[in-house]
Amino acid sequence: MLQKANTATDFTVETRDVRLDYGELTAVDNVNLRITAGEIYGLVGPNGAGKTSLLKMLSNLIRPTYGEIFINGTDLAEDPWKVHREVGYMPDLSPVAPELKVWEFLEFFAAAYGIPRTERKQRVAECLEQVKMTEHREAFGKGLSRGMMQRVVLAKTLIPHPRILILDEPASGMDPLARINLKRILVELGREGITSIVSSHILTELGDMCTSLGIMHKGALVRSGDKASLLIDHPVHTRTLSILSRHSDKDAETVVSILNSSEHVADVARQDMVFVLSFSGDEEAEADLLKELILAEIKVTSFSRESASMEDVLIKLVSPLEDVDVVSLQDIAEEQAHD
Ligand SMILES: Nc1ncnc2c1ncn2[C@@H]1O[C@H](COP(=O)(O)OP(=O)(O)O)[C@@H](O)[C@H]1O
Ligand SMILES: [Mg+2]
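Numbering of residues begins from 1 in every chain and follows the order in which that chain's sequence is written. Numbering of ligands from 1 and lettering of chains from A proceed in the order in which they are written. In keeping with the model being predicted, local features are shown solely for residues with a pLDDT of at least 70 and side-chain atom pairs are shown and tallied solely at 80 or more, while totals for entire chains, interfaces and linings include all residues. Computation of side-chain values: all heavy atoms of the structure, hydrogens and water removed.

K.L.:
So what about the sheet that holds strand β9 (residues 195-200)? Which residues, and what values?
P.N.:
A pair of strands is labelled paired if DSSP reports no fewer than 2 bridges between them. Runs of H or I in DSSP of at least four residues are treated as helices and runs of E of at least two as strands, each being numbered from the N terminus. In spatial order, the strands read β7-β8-β9-β4-β10-β11; together these six strands make up an open sheet with mixed pairing. What marks the edges here is a single partner per strand, and that holds for β7 (87-90) and β11 (220-226). On average, each strand axis in the sheet is tilted by 15° relative to the strand beside it, whichever way the strands run. Across four bridges, strand β4 (residues 40-44) lies against strand β10 (residues 212-217) in parallel orientation. Following the sheet pairing, G42 is matched in β10 by L213. Taken strand by strand, helix α2 (residues 51-58) contacts β4, β7, β8 (164-167), β9 and β10, and its axis lies near 155° from that of β9. Any two residues whose heavy atoms approach within 4.5 Å at even a single point are treated as in contact. Whenever a helix is involved, its axis is fitted only over the stretch in contact; in every case the axis is a line through C-alpha atoms, and angles between N-to-C directions fall within 0 to 180 degrees. Its contacts with the sheet place helix α7 (residues 176-191) against β4, β8 and β9, and it is angled at close to 160° to β8.

Put into structure tokens, the structure is as follows:
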């Protein structure tokens, strides 16, 4: 059968033309997602982009209106129970019982998951270790910080040995330390072959946590791939140039004229004697520019390079898709000059 031959897939998660309609509204549109085992995949997009809807379909909590989902090569529609055992879903708001101790809460769920009585303590201990909460096993739910609560819920999600973890907005409201802890946990789980899919509406929450990224916008998966190639495909190089603050206006003019005459400088933003440049040249071009400034007796105190931030990449990817035109300040100034 042709259809059967077509179902083989090497990906841990694969969707084909997946769509989800809520009545008239198409929340997820034509999504083709491919995720390899052990990855930490970040799903980024503004509120309403369709992230939760997509993640719920992967977790078999909502059925797609159209399209197919494969989990470890199995068609979700054909064997939903196998898939159900392999995917652990952690919703965005998931409470911990306030009056239970951490281990009591987890043993309760171990029982609910059908772990035999003689194995429950062991399994709970393993999961607590995986989320680095062993030393807090006696704490009550109500006494936990937000980050710790999240880790307990993660431990709960790990109990039935899922191969794929789906975490919807786990980092929202987390402090930076809690985020670093979460990252460490997911990296370690990745080494055991557990794939994580993590969503956020804030790119910087996920930027350094993930190995690959998908960007969702109005139901569509706009881009998907490993993080490094996403950045290489969309370079936004900037350089920050600072010159000595005891400057004269003449110095500033000289700097501006040198920058403007460089073929590698596109935009220049200036605040006092700090200049931020969009720079397209290589290292040699950078050194040449610096040399030129110094020969003109400009006292450069620093000249630093920043690679594209994830925010820059997102803006570049999404802004052409927006319905509204992005108007630059220069356009406005030109328009006013014409009036
Ligand atoms: N149960 C529902 N019924 C109707 N519309 C919904 C439902 N859930 C979500 N939506 C709509 O679907 C779109 C995508 O929502 P959602 O998947 O929650 O996006 P995200 O998680 O990226 O914020 C939004 O426009 C939202 O209002
Ligand atoms: Mg959501």
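K.L.:
Before we move on, could you go through the site of ligand 1 and cite the residues and values that matter?
P.N.:
Note on terminology: near, applied to a residue and a molecule or strand, indicates that one of the residue's heavy atoms is within 4 Å of it. In the region of ligand 1, the neighbouring residues are Y22, L25, A27, P46, N47, G48, A49, G50, K51, T52 and S53. In the environment of ligand 1, an oxygen atom lies 3.0 Å from a nitrogen or oxygen atom belonging to the backbone of G50. The protein chains hide 57% of the 560 Å² of surface that ligand 1 would expose on its own. Residue assignment for the shell around ligand 1 shows that the elements contributing at least two residues are β2 (25-31) and α2. Whenever two N or O atoms come within 3.5 Å, that pair is a polar contact, provided that in protein one can donate a hydrogen and the other can accept it, and provided that, for residues adjacent in sequence, both atoms are side-chain atoms. All accessible areas in this document rest on Shrake-Rupley with a 1.4 Å probe, and a residue is counted as covered only by the protein chains that are shown.

K.L.:
Could you give an account of the packing of aromatic side chains, with specific residues and numbers?
P.N.:
Centre distance within 6.5 Å is the pairing criterion for rings of Phe, Tyr and Trp, where only the six-membered ring of Trp is used; planes under 30 degrees apart are then read as stacked, over 60 as edge-to-face, and the remainder as tilted. Tallying each qualifying case throughout the model produces two aromatic pairs. Each ring, one from F108 and one from F109, has its centre 5.2 Å from the other, and the planes form 90°; the classification is edge-to-face. In this structure an aromatic cluster arises from ring pairing among F105, F108 and F109. Here, a charge over a ring is recorded when the distance from Lys NZ or Arg CZ to the ring centre is within 6 Å and its angle to the ring normal is within 35 degrees. The ring of F140 has K142 lying over it, and the distance from NZ or CZ to the ring centre is 6.0 Å. If you follow K156 out to its NZ or CZ, it ends over the ring of F109, 4.4 Å from the centre.

K.L.:
A description of a negative patch on the surface should follow, citing residues and the corresponding values.
P.N.:
Together, D282, E284, D288 and E292 give the surface a local cluster of negative charge. Positionally, E292 belongs in helix α11 (residues 283-295). Judged by relative accessible area, E292 falls into the partly exposed class, the value being 39%. Only residues above 30% relative accessible area that lack a salt bridge enter a patch, with like-charged residues linked at up to 9 Å and the nonpolar side chains Val, Leu, Ile, Met, Phe, Trp and Tyr linked at up to 5 Å. Put simply, a salt bridge is a Lys or Arg side-chain nitrogen that is within 4 Å of an Asp or Glu carboxyl oxygen. Counting rule for charge: Lys and Arg are taken as positive, Asp and Glu as negative, and neither His nor the chain ends is counted. To locate a charge, take atom NZ for lysine, CZ for arginine, CG for aspartate or CD for glutamate. Throughout this description, buried means an accessible area under 20% of the type-specific maximum (1.4 Å probe, protein chains only), exposed means over 50%, and partly exposed covers the range between.

K.L.:
Summarise the environment of A287; cite the residues concerned and give the values.
P.N.:
Assignment of secondary structure puts A287 in helix α11. Residue A287 is classed as partly exposed on the basis of its relative accessible area, which comes to 44%.

K.L.:
Explain helix α6 (residues 146-158) residue by residue, including any values.
P.N.:
Across its 13 residues, α6 extends 18 Å between first and last C-alpha, which sits within 8% of the 18 Å expected from 1.5 Å per residue. Among all positions in α6, only G147, M148, Q150, R151, V152, V153, L154, A155, K156, T157 and L158 are buried. In this structure, the buried side of α6 is in contact with β7, α4 (102-112), α5 (117-130), β8 and α7. Multiply 1.5 Å by the residue count of a helix minus one, and that product is the helix's expected span.

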